[in-house]
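Observations on the model geometry
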Amino acid sequence: MSIKILATQGTYSNNRDMSAHSTNLVLWFSEVDKEDVYLVGEKGANLGEITSAGFSVPNGFIVSSHAYFNFLRENRLSEKIKHLLSTINYDRPESTAQVSEHIKKLILEAQQSKELIEDITQSYSKLSGLFKQKQVAVRSSATTKDLPLASLAGQQNTYLNIKGYSNVLLKIKECWASLFDARTIFYRHEKNFDHFRIGMAVIVQHMIESDKSGHMFTVDPITNDKNKIVIEAIYGLGGMITQGQITPDHYEIDKKNYYILQKKVQIQDKMLKKVSFENRIIKLTTPIGNQQKITDEEIIQLAEIGKKLEHHYYFPQECEWAIEDGKIYIVQTRPITTFSKAKSEKANEPSVRHGGLLLKGAPASPGIASGPVKILQNSHDVSSVTPGEVLVVNHTNQDYSRAMKKANAIVSQIGGHTSLASIVSKEIGIPAITGIENAIKTLKNGQVVTVNGTLGEVYSGGFINGDQKKELLTPKHLQTATKVYVNLSETVNSDKVAQKDVDGVGLLKAESMITSIGIHPKKILQDGTQKEYIAKLAGQLENVCRNFGQRPVIYKASDFKSNEYRNLIGGKTYELTEENPLIGYRGAFRYIHDPQVFYMELEAIKIVRNKMGLKNLWLMVPFVRNVRELIEVKKIIASAGLYRSPSFKLYMMCEIPSNVILLEKFIEVGLDGVSIGSDNLTTLMLGTDRDNSEVAHEFDERNEAMLWAFEHVLKICKKHSVSSSICGQAPSLYPDMLEKLVRWGISSISISPDLVESAREQIARIESNL
């Protein structure tokens, strides 16, 4: 098999002047790269990036988000749409659906400008070739697509096998209109996204008539094992995987030597294929559907491409691929947003007992949960789902989204790692299993079951903890001297997390809240919209603090690196391009040199504490390089009217070697607590990039040097009666490490929501032995 490298439309320097094309309506793949997300969306930016890098990408052009915003302005649609959105009763799905139809009708009936029509038709002619009209894929590329823990995957439309000028122009408008589908409007409302801060670019790309297609993950998406590549494959066009209508073949490959570790061949009874000028679902005979979908040679060649993509981005990737006439093409790549540093190479069942095994399928989202079964035969029944149920469906689409967010777990008869069941479950932190063909027949409504998303197993009954026969639905909270806090990256689902057996929030990250607002803070200051910005930030903080009652919520102030800040609207104006943002302009240094941005965060904290009366909100300062920086930051905090007290405690992240070495001097300045940031500390102490596959195997918190550092920090904290914590998954993944931390006197651990119960049980056993 050959891997085809397509010729591009020209070259485009990474060191270009952005103004040279920032207002262009249409751009070729070769004219953009990964820095252009807010012009062409993440999908478009990545297609440009990998085209220039020499990967096999079907050629095409992108109608930029400027064209979309111009279209709204030229047709005076924004005010009309804002008015319609203001009439929605979000408690009534039919209200959202009715408004959605009105908005989409406005967009589809409005006129595209002559300039835009000319640019698109000329580009389509160039893509098609002389006197031809090529079939293309018209694909949406939202400008805030796949934000961390705020995935918009599957919420905008893609159209395949489109031919002719008028059809391309129409489908571009339909992509724009898909920004206002009912489910998408509701999603943005839930996430507090401004409807008009999200733009839409549209990709027009040479259509690959794939004989086979699928997805590839350059780490195991369930266990986060960095040594594996996982590939899913089907016959025909790939849309049926994402829609969850087919359970794909599943292959696992050793990333180092490309040895095929596992092959799970599924029965495929239908495929999506172009027939004449339309896409049709074609039935497959049993002998064909039972076959392995791609050859071993194709599996290995895909794995080689996946490893090169990961190396290019220095981050694990999820790719969409297609094979046409024996040639492999990459049609999309993006970072794995649910990837964490966890090294769960052995997905061991949690140490609980349960009833017998009922069903086994493909793990789709890790974790374990119990609840009564709720079978949904179709999306019309979603309103009948009540919180805490185990949702059992044939397959999922966006119409199930509201129901999925109420569920304790999801079981789907059809689907794979990229089905909506998997995507949504990972986002909200609940277990999910796909590919269980007889789930609806086997399970009964109201039957209590336990779902183990890590192993892909469903058991009868709820959890049984040791000799205590009690359902997980009414758990008895264990009492431990070592507190168990939770890390929160977003605020929307904090009510569910607060119901868990947790003592508070040990790390509430500012970054996702600021990302949901979407605008660089310095642009906020320039535009004079500080009050709105502060109000939105305070609202999100209030949500978490109210949900956790009297339990502490430790807010880690913003610690965007410059490359992350550049992705916000206006970011490129205010942020320099740094060679190594990890150790660049960030944390306390940024607060000192740009205090007005930090003051906005402090003002939001004051509103929540003083006006709303939520005194459980505390503050943690990240990335403090030296004692002088801590002194200066404390002065800024005091000048804003916030002072340390029994109800307002000040923490510092311990994530730089200097924090460990000079900890006593930091404490002398005045701190109530220290939280070890094990990710950054391990990276900087061992000089190892955990996201670089070439050296990632050296990243290990159990390294002798790291254990010395942890013990040193905990002993110093104990000596000075300062609280100590660690935020990261390592303590819950490595029982021997957790035991050492407890023996050394750690005050608390702070971990992801899905690991809370197992960590609490481990701590209880350790403390009992001690």
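Quick caveat, the model's predicted, so the values are computed rather than measured.

**Describing the overall build of the protein chain**
Along its length, the protein chain carries 29 helices and 29 strands. Relative to its full complement of 770 residues, the protein chain shows a buried share of 56%. Here the analysis covers contacts within the protein chain between residues at least 6 apart in sequence; of these, 68% occur between residues at least 24 apart. Surface exposure of the protein chain reaches about 30,900 Å², of which carbon and sulfur atoms provide 51%.

**Observations concerning the pattern of salt bridges**
A full pass over the atoms with the stated rule returns 34 salt bridges. Where D672 meets R644, a salt bridge forms, and the shortest distance between an N and an O atom there is 3.0 Å. Remark: R644 occurs in the loop between α22 (627-639) and β26 (650-654) and D672 occurs in the loop between α24 (663-670) and β27 (673-677); sequence separation between them is 28 residues. Residue class for R644 comes out partly exposed when judged on its relative accessible area of 40%. The partner of E711 in a salt bridge is K715, and the shortest N-O contact between them spans 2.7 Å. One end of the pair is E711 and the other is K715, both in helix α26 (residues 704-719) and four residues apart, which spans about a single turn. Sharing partners across several salt bridges, the network here consists of E101, K104, D181 and R183.

**Some words on unusual backbone geometry**
Non-glycine residue R76 carries a positive phi angle of around 50 degrees. Along the chain, the position of R76 falls in the loop between α2 (65-74) and α3 (78-86). Positive phi values are uncommon outside glycine, yet Y258 reaches one of about 60 degrees. Tracing the chain through its elements places Y258 in the loop between β8 (249-254) and β9 (260-264).

**What to know about the packing of helix α1 (residues 37-52) against helix α10 (residues 296-313)**
Axis angle and axis distance: for two packed helices, these are the angle between their axes and the distance between the axes, and together they describe the pair. Contact geometry of α1 with α10 gives a least axis separation of 12 Å together with a crossing angle of 105 degrees. Our classification of the angle between α1 and α10 gives roughly perpendicular. Facing N46, E49 and I50 of α1, the residues of α10 in contact are L309, H312 and Y313. For the contact of α1 with α10, the class distribution of residues is three nonpolar, two polar and one charged.

**Regarding helix α17 (residues 530-547)**
Here α17 contains 18 residues, and its C-alpha end-to-end distance of 26 Å stays within 8% of the 26 Å for a straight helix at 1.5 Å per residue. A positive phi of about 60 degrees marks G549, the residue just after α17.

**As for the packing of helix α5 (residues 114-128) against helix α6 (residues 165-177)**
Two elements in contact, α5 and α6, have axes whose closest approach is 10 Å; the angle formed by their N-to-C orientations is 120 degrees. Considered as vectors, α5 and α6 are oriented oblique to each other. The hand of the α5/α6 crossing is right-handed. Taken together, the residues of α6 that come into contact with α5 (itself represented by L116, I117, I120, T121, Y124 and S125) are Y165, V168, L169, I172 and W176. Of the residues assigned to the contact of α5 with α6, the class counts are nine nonpolar, two polar and no charged.

**Overview of the nonpolar core**
Counting residues in hydrophobic clusters, the biggest one holds 87 residues, and the most contacted among them are F548, Y555 and F710. In this view, F548 contacts V486, L488, S494, V497, A498, V502, G504, V505, V553 and N616; residues no more than four positions away in its chain are not counted. Within the second largest apolar cluster, 44 residues are counted, among which are I103, L116, L127 and V204.

**Details of the sheet that holds β8**
A sheet is described by the order of its strands in space; here six strands give the open sequence β9-β8-β7-β6-β12-β13, paired in antiparallel fashion. Whereas interior strands pair on both sides, the edge strands pair on one side only; in this sheet they are β9 and β13 (327-335). Looking at each pair of strands side by side, their axes are set apart by 20 degrees on average, direction ignored. Direction of pairing for strand β12 (residues 317-324) relative to β13: antiparallel, over a ladder of eight bridges. Within the sheet, the bridge partner assigned to Q317 lies in β13 and is P335. Strands in contact with α10 are β6 (212-217), β7 (228-235), β8, β9, β12 and β13; relative to β13, the strand with the most contacts, it is inclined by about 40 degrees.

**Quick word on the sheet that holds strand β2 (residues 60-63)**
Spatially, β1-β2-β5-β3-β4 is the arrangement adopted by the five strands of the open sheet, whose pairing is antiparallel. The outermost strands of the open sheet, each flanked by one partner alone, are β1 (26-28) and β4 (158-162). Within this sheet the neighbouring strands show an average axis-to-axis angle of 20 degrees, counted without direction. As defined by bridge partners, β1 adjoins β2 across three bridges and the pair is classed as antiparallel. Bridged to W28 within β2 is F61. Packed on one face of the sheet, α6 meets β2, β3 (136-142), β4 and β5 (200-206) and runs near 145 degrees to β5.

**Looking at the confidence of the model for the protein chain**
Here the protein chain shows a mean pLDDT of 84. Residues at 70 or above account for 89%. Note on residues 145-153: pLDDT is under 50 here. Beyond four places in sequence and across chains, it has 30 contacts.

**Comments concerning the packing of aromatic side chains**
Per the stated rule, a full pass over the model turns up 10 aromatic pairs. Their ring planes at 75 degrees and their centres at 5.6 Å tell us that W28 and F61 sit as a pair that is edge-to-face. Separated by 33 residues along the polypeptide, W28 in strand β1 and F61 in strand β2 bring together distant segments of the chain. On the accessibility criterion, F61 (0% relative accessible area) is buried. Note on F180 and F196: the rings are 6.4 Å apart at their centroids and 45 degrees apart in plane angle, and the pair reads as tilted. With F180 in the loop between α6 and α7 (182-191) and F196 in the loop between α7 and β5, this pair connects stretches of sequence that are 16 residues apart. Given the relative accessible area of 18%, F196 is considered buried. An aromatic cluster is present here, built from Y68, F69, F71 and W176 joined pairwise through their rings. Lying across the ring of F180, R188 places its NZ or CZ 5.2 Å from the centre.

**A short note on the environment of Y459**
Relative to the elements of secondary structure, Y459 occurs in strand β21 (residues 457-460). Separated by 101 residues in the primary sequence, Y459 and L358 place their C-alpha atoms 5.1 Å from one another.

**Some points on the side chain of S210**
Structurally, S210 can be placed in the loop between β5 and β6. Within the local environment of S210, its side chain forms a polar contact with the backbone oxygen of G236, the two atoms lying 3.3 Å apart. Ignoring sequence-local partners within four residues, the contact set of S210 consists of G236, L237, K273, A322 and I323.

**Some thoughts on the pairing of β13**
Note on strand geometry: in a regular strand, side chains alternate between the two faces of the sheet. In terms of burial, β13 is a largely internal element, seven of the nine residues being buried. Linking two consecutive strands that pair antiparallel, namely β12 and β13, is a turn of two residues; a positive phi of about 50 degrees is found at D325 within it.

**Let's talk about the pairing of β3**
Among the seven residues in β3, seven count as buried, and that is most of the element. Across the two faces of β3 the burial is the same, with V136, V138, S140 and A142 and A137, R139 and S141 all buried. Where β3 and β5 come together, seven bridges link them in antiparallel fashion. Paired with A137 across the strands is Q205, a residue of β5. Alignment of β3 against β4, held across three bridges, turns out to be antiparallel. Residue R139 lies in a different strand from β4, and its bridge partner there is T158.

Criteria and thresholds
Chains are numbered independently. Their residues run from 1 in the order of the written sequence. The predicted nature of this model means local features are confined to residues of pLDDT at least 70 and side-chain atom pairs, given and counted, to a pLDDT of 80 or more, with totals for whole chains, interfaces and linings taken over all residues. Neither water nor hydrogens contribute to the side-chain values; these are computed over all heavy atoms in the structure. Counting from the N terminus, the helices are the DSSP runs of H or I reaching at least four residues and the strands are the DSSP runs of E reaching at least two. Relative accessible area decides the class of each residue, using a 1.4 Å probe on protein chains only: under 20% of the type maximum gives buried, over 50% gives exposed, and in between gives partly exposed. Residue contacts follow a heavy-atom distance rule, with two residues in contact if any of their heavy atoms lie within 4.5 Å. To measure how exposed things are, a 1.4 Å probe is used in the Shrake-Rupley method; for residues, cover is taken only from the protein chains shown. Salt bridge criterion: a side-chain nitrogen from Lys or Arg within 4 Å of a carboxyl oxygen from Asp or Glu. The axes used here are C-alpha line fits, helices contributing only the stretch in contact, and every angle between their N-to-C directions lies in the interval 0 to 180 degrees. When an angle is under 35 degrees it counts as roughly parallel; over 145 it counts as roughly antiparallel; between 65 and 115 it counts as roughly perpendicular; any other value is oblique. Residues are grouped as follows: nonpolar covers Ala, Val, Leu, Ile, Met, Phe, Trp, Tyr, Cys and Pro; charged covers Asp, Glu, Lys and Arg; every other residue, Gly included, is treated as polar. To estimate how far a helix should reach, multiply one less than its number of residues by 1.5 Å. Handedness of each helix crossing follows the sense of rotation of the near helix against the far helix: counterclockwise by less than a right angle gives left-handed, clockwise gives right-handed. Throughout this description, the term nonpolar core refers to a set of buried Ala, Val, Leu, Ile, Met, Phe, Trp, Tyr and Cys residues connected via side-chain atoms within 4.5 Å. Think of it this way: DSSP has to see at least two bridges between two strands before they count as a pair. Every residue is assigned a pLDDT by the predictor, reflecting its confidence on a scale from 0 to 100. A pair of aromatic rings is counted whenever rings of Phe, Tyr or Trp (Trp by its six-membered ring) have centres within 6.5 Å, and the orientation is called stacked for planes under 30 degrees apart, edge-to-face for over 60 and tilted otherwise. Over a ring means this: the NZ of a Lys or the CZ of an Arg is within 6 Å of the ring centre and within 35 degrees of the ring normal. In the analysis that follows, any N or O atom pair within 3.5 Å is treated as a polar contact, provided that within protein one partner can donate a hydrogen and the other can accept it, and provided that, for residues neighboring in sequence, both atoms belong to side chains.

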